[in-house]
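Listed below are the residues making up each chain.
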Amino acid sequence: MPAPFKPGNAKKGGTLFKTRCLQCHTTEQGGPHKVGPNLHGVFGRNSGQAAGYSYTDANIKKNVLWDEQSMSDYLENPKKYIPGTKMAFGGLKKEKDRNDLITYMLKACK
């Protein structure tokens, strides 16, 4: 059973984003896709739907509605959550790290 999302520390989440996510993702509106898609507006959107990004069929077919809980479940182990994803990130095993990161992303991706 996945750990329920709880609001975390956005400042610590921002540091985690810079060290673990920024090399492949941007968050600002109109930001470029990198190796991974731009994450602006990701919450409330379904997986595989960022315009102009080439997703794997696995991401498109999973059709996850991204919210705090689904993002936390995904970030714990992306390849287990969406088998066939091309995201090479191994995951954030610590619940606190996921909560902090998602708390940051909720603001950064709006």
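Above this text sits the structure in question.
Residues numbered from 1 in each chain as written. Predicted model: local features only at pLDDT ≥ 70, side-chain atom pairs only at ≥ 80, totals over all residues. Heavy atoms only, no water.

What follows concerns the packing of helix H1 (residues 10-20) against helix H5 (residues 95-108). When two helices pack together, their arrangement is given by the angle between the helix axes and by the axis-to-axis distance. Relative to each other, H1 and H5 sit at 95°, their axes nearing to 7 Å. In terms of orientation, H1 and H5 fall into the roughly perpendicular class. Only Lys-96, Asp-97, Asp-100, Leu-101, Thr-103, Tyr-104, Met-105 and Lys-107 of H5 make contact with H1, whose side of the interface consists of Ala-10, Lys-12, Gly-13, Gly-14, Leu-16 and Phe-17. (Axes fitted to C-alpha atoms, helices over the stretch in contact; angles between N-to-C directions. Helix = DSSP H or I, 4+ residues; strand = E, 2+ residues; numbered from the N terminus. Parallel < 35°, antiparallel > 145°, perpendicular 65-115°, else oblique. Contact = heavy atoms within 4.5 Å.)

The contact between helix H3 (residues 68-76) and H5 brings their axes to 10 Å, and the two run at 130°. Taken together, H3 and H5 sit at an angle that is classed as oblique. Handedness of the H3/H5 crossing: right-handed. From H3, Glu-68, Met-71, Ser-72, Leu-75 and Glu-76 reach across to H5, where they touch Arg-98, Leu-101, Ile-102, Met-105 and Leu-106. In the contact of H3 with H5, the residues fall into 6 nonpolar, 1 polar and 3 charged. (Left-handed = near helix turned anticlockwise from the far one by under 90°. Nonpolar A, V, L, I, M, F, W, Y, C, P; charged D, E, K, R; others polar.)

The next point concerns the layout of surface pockets. What the largest pocket holds in volume is close to 560 Å³. Lining of the largest pocket is provided by 31 residues; of these, His-25, Gly-36, Pro-37, Tyr-74 and Met-87 occupy positions nearest its centre. A breakdown of the residues in the lining of the largest pocket according to their chemical character gives 18 nonpolar, 10 polar and 3 charged. (1 Å grid on protein atoms, 1.4 Å probe; cavity = no way out; pocket = protein on both sides within 12 Å on 5 of 7 lines; lining within 4 Å. Points joined across faces, edges and corners; volume = space filled by probe spheres on them.)

What follows deals with the nonpolar core. Across soluble globular proteins, nonpolar side chains show a tendency to be buried alongside one another. Judged by nonpolar contacts, the single largest core of 19 residues is most densely connected at Trp-66, Met-71, Tyr-74, Leu-75, Leu-101 and Met-105. Looking at this core, the elements that each hand over two or more residues are H1, H3 and H5. Among all residues touching Trp-66, those that are not within four sequence positions of it are Val-42, Phe-43, Gly-44, Arg-45, Asn-46, Ser-47, Met-71, Tyr-74, Tyr-81 and Ile-82. (Core = buried A, V, L, I, M, F, W, Y, C linked by side-chain atoms within 4.5 Å. Buried < 20%, exposed > 50% of the residue type's maximum accessible area, 1.4 Å probe, protein only.)

Turning our attention to the environment of Pro-2. Within the element layout of this structure, Pro-2 appears in the segment before H1. Between the C-alpha atom of Pro-2 and that of Ser-70, which follows or precedes it by 68 residues, the distance is 9.6 Å. In contact with Pro-2, not counting residues within four places along its chain, are Gln-69 and Asp-73.

So, about unusual backbone geometry. With the exception of glycine, the majority of residues adopt a negative phi angle, and the majority of peptide bonds are in the trans configuration. Even without being glycine, Asn-63 reaches a positive phi, approximately 50°. Its place among the elements puts Asn-63 in the loop between helix H2 (57-62) and H3. Take Asn-63: its relative accessible area is 45%, and that puts it in the partly exposed class.

Attention now moves to the state of the cysteines. Taken as a whole and judged by the stated rule, the model has 0 disulfides. The cysteine Cys-109 is free of any disulfide, with Cys-21 supplying the nearest cysteine sulfur at 9.3 Å. (Disulfide = S-S within 2.5 Å.)

On to the side chain of Ser-70. As for its position among the elements, Ser-70 is in helix H3. Ignoring sequence-local partners within four residues, the contact set of Ser-70 consists of Val-64, Leu-65 and Tyr-81.

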